[in-house]
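Chains, contacts and geometry: an overview
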2 protein chains.
Amino acid sequence: MKNQTIFFKNPVPVAETATIAGPKEGEGPLAKYFHHILDDDLLQQKSHEYAEIVMHSAVIRQLLNRAKLTAGDIDCAFAGDLLDEIISSNFAMREADIPFLGVYNACATLGECFLLGSVFIDGGYAERVVCSVTSHFATAERQFRYPLELGSQRTPLSQWTVTGSAATLLDKNSDSPVKITCATIGKVTDYGINDANDMGGVMVPAALSTLNAHLNDTGRDADYYDLIVTGDLGHAGSRLLEKKAEKIGIKMKNHTDCGILIYNREAQDVNQGGSGACCCGLVFNSYLYKKMRAGEYKRLLFLPTGALLSKTSSLQGETIPAISHAICFEVTE
Amino acid sequence: MKNQTIFFKNPVPVAETATIAGPKEGEGPLAKYFHHILDDDLLQQKSHEYAEIVMHSAVIRQLLNRAKLTAGDIDCAFAGDLLDEIISSNFAMREADIPFLGVYNACATLGECFLLGSVFIDGGYAERVVCSVTSHFATAERQFRYPLELGSQRTPLSQWTVTGSAATLLDKNSDSPVKITCATIGKVTDYGINDANDMGGVMVPAALSTLNAHLNDTGRDADYYDLIVTGDLGHAGSRLLEKKAEKIGIKMKNHTDCGILIYNREAQDVNQGGSGACCCGLVFNSYLYKKMRAGEYKRLLFLPTGALLSKTSSLQGETIPAISHAICFEVTE
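Scoring rules and cut-offs
- Residues numbered from 1 in each chain as written.
- Chains lettered and ligands numbered in written order.
- Predicted model: local features only at pLDDT ≥ 70, side-chain atom pairs only at ≥ 80, totals over all residues.
- Heavy atoms only, no water.
- Contact = heavy atoms within 4.5 Å.
- Buried area = accessible area lost by both parts, 1.4 Å probe.
- Salt bridge = Lys/Arg side-chain N within 4 Å of Asp/Glu carboxyl O.
- Polar contact = N/O pair within 3.5 Å; in protein donor to acceptor, adjacent residues only side chain to side chain.
- Helix = DSSP H or I, 4+ residues; strand = E, 2+ residues; numbered from the N terminus.
- Buried < 20%, exposed > 50% of the residue type's maximum accessible area, 1.4 Å probe, protein only.
- Axes fitted to C-alpha atoms, helices over the stretch in contact; angles between N-to-C directions.
- Parallel < 35°, antiparallel > 145°, perpendicular 65-115°, else oblique.
- Left-handed = near helix turned anticlockwise from the far one by under 90°.
- Nonpolar A, V, L, I, M, F, W, Y, C, P; charged D, E, K, R; others polar.

1. Thoughts on the interface of chain B and chain A
Each partner contributes to the interface: chain B provides 66 residues, whereas chain A provides 66 residues. Of the roughly 5200 Å² buried where chain B meets chain A, counting both sides, 59% is carbon and sulfur surface. Looking at the side of chain B facing chain A, the largest losses of area belong to B:Lys2, B:Glu85 and B:Tyr125, adding up to 15% of the total buried there. Taken together, the connections running from chain B to chain A amount to 12 salt bridges. With a closest N to O distance of 3.2 Å, B:Lys187 and A:Asp97 form a salt bridge. Counting across the chain B and chain A interface gives 36 residue pairs in polar contact (both at pLDDT 80 or more).

Structure (structure tokens):
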């Protein structure tokens, strides 16, 4: 069996980040870290899909503005989202005038973007890469479950798809102390769960498989990291991961989850917490990135997790595969 | 504006290919080049989506068998398809036990896979990479247009989505004379067409934009290449591309198109020809690859083209963006 982990010869600087958070996310505990919070998740558009595209375009523009760059300064963009045929990314890239490589690994997409972007920069194929993801509660619910107009009751294991867009600039020549030093490519797992409302349960085996491969490949213990942050397993999924990890000898005392961090569970009626391609995008690009820049975390393992279902696969009775990629961020001077 | 083209320091060998063609494709002019032709496009499954997944799994197994390798010999796979959330790839990779990076650029997906795979190998991040794509007439028609059961009449500009799966092995240590020497990343174009039956017209601006960038970046004329092969513009689209190219000074005397090559237009009732993520996959991995290995073509520019629509974007009245990536194959001893 081959090593799943790529080590970068020249750690890849995370130069700048931008986030646009939805109204509900803006009422959560991370509000003060977001760059921009929306008043209205329809953004004066005629559909939530249009709103998601506008939000995604805007976050890329805001990233370039914050970095004082134009589209012509960027070698390429890796982007993805949850909508069929990743239209929120395709249509955002139509505005952006940047060479585009579309990716899809559901809510693990940002991990894939970081991994590919780092390879391009470390290998000398690009100097500046944009990684971006987006998700929207209303578009995801309509596509994967039920339209909001139905008023369906949410199940206890469900999570709340985050409304937001996040864009990250990887820049070879940046002096940012936050760098990507290695990354582990995940394999698809499927433990036979077919409940499209239990994303945490579906994704735990993928997170554990990739975490285990990462620790084996690097020869590290879990406590090498100040923080291990999974993508969006939520509360129940996170507890399950910690228990399963302990059974194979991995003690995750330093674990948290973007789906837990993004909402106030008691006050915000989100059941198991947040999910969606931009759940980990909003959390990493605001809160975690700022904490790393401030030196509060020096070694962080980021494990976005994705459930690889479609409404067709669900309606045809298939179980739900999942994937997770691991990205190692370290503060180096 | 930055260069869109990546030059590989060590040309990347295309070590092995595998193709599974549908029954209709097996009646076309390239039949003798395919590795395997199906008798029945349902493959004894309960739906065409299941059949597409079975076909995609099988072509990856066949590739590994032909190369005398196992999954454990492969560093990672880049795969994609046309179905919502690329389920034909996700579910195929569930069987494959190979680290997986899902990509989506519609019918330009194989170009993206070749580009990313070459970067991984040339940069020393992988030794062996699998690139694979799949498409199926029945699943694509149901998803993007109408279910076949409706018996809708096909419009004159329509193309026929190819049923097939194609997998390619890029191997750093192979002695294959066919190598990828450079690649150009495309940008998203949109000329305002909203007819989901006119894929050729939609994708011409993307093909032209990438071809022009490629020739500018490399300082080459079109006649540097023995053959320039676009993905699936079909007959009308190909003529339009040639005319548009001539207007900006590019003479495409050596141009053909995978959508033209794959069917016998008169006998097979396909209107403008073939399309679909695996149209260029079947044509490159069988006919073109064999011609290159035999030395009949020494320099070939491959320009898969993708229309970045979804049924939601079409129903909401959006126009159709498109993208194309260019991959330069050369025979070197």
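2. Notes on unusual backbone geometry
Phi at A:Leu43 takes a positive value of approximately 50°, unusual for a residue other than glycine. Here A:Leu43 is to be found in the loop between strand 2 (36-37) and helix 1 (48-66). The class for A:Leu43 is partly exposed, based on a relative accessible area of 22%. Backbone geometry at B:Ile86 places phi at a positive 35°, although glycine is not the residue there. Positionally, B:Ile86 belongs in the loop between strand 3 (76-81) and helix 2 (87-96).

3. Quick word on the pattern of salt bridges
Following the criterion strictly, the structure yields 34 salt bridges over all chains and no others. The shortest N-O distance in the salt bridge between B:Arg94 and B:Glu95 comes to 3.9 Å. Taking the relative accessible area as the measure of exposure, B:Glu95 reaches 53% and is therefore exposed. B:Glu330 is paired through a salt bridge with B:Arg220; the nearest N and O atoms lie 4.0 Å apart. With B:Glu330 in strand 15 (residues 326-331) and B:Arg220 in the loop between helix 5 (199-218) and strand 9 (227-230), this pair connects stretches of sequence that are 110 residues apart. Using a relative accessible area of 11% as the deciding quantity, one classes B:Glu330 as buried. It is possible to trace a salt-bridge network through shared partners that takes in A:Asp84, A:Lys311, B:Asp84 and B:Lys311.

4. Looking at the packing of helix 1 of chain A against helix 4 (residues 137-144) of chain A
Residue and element names in this part refer to chain A. Between helix 1 and helix 4, whose axes approach to 8 Å, the crossing angle comes to 130°. When the axis of helix 1 is compared with that of helix 4, the two are oblique. The interaxial crossing formed by helix 1 with helix 4 has left-handed handedness. Each of His48, Glu49 and Glu52 in helix 1 lies in contact with helix 4, whose residues at this interface are Ala138, Thr139 and Arg142. Here the contact of helix 1 with helix 4 is composed, by residue class, of one nonpolar, two polar and three charged.

Nothing here speaks to function; it is geometry throughout.
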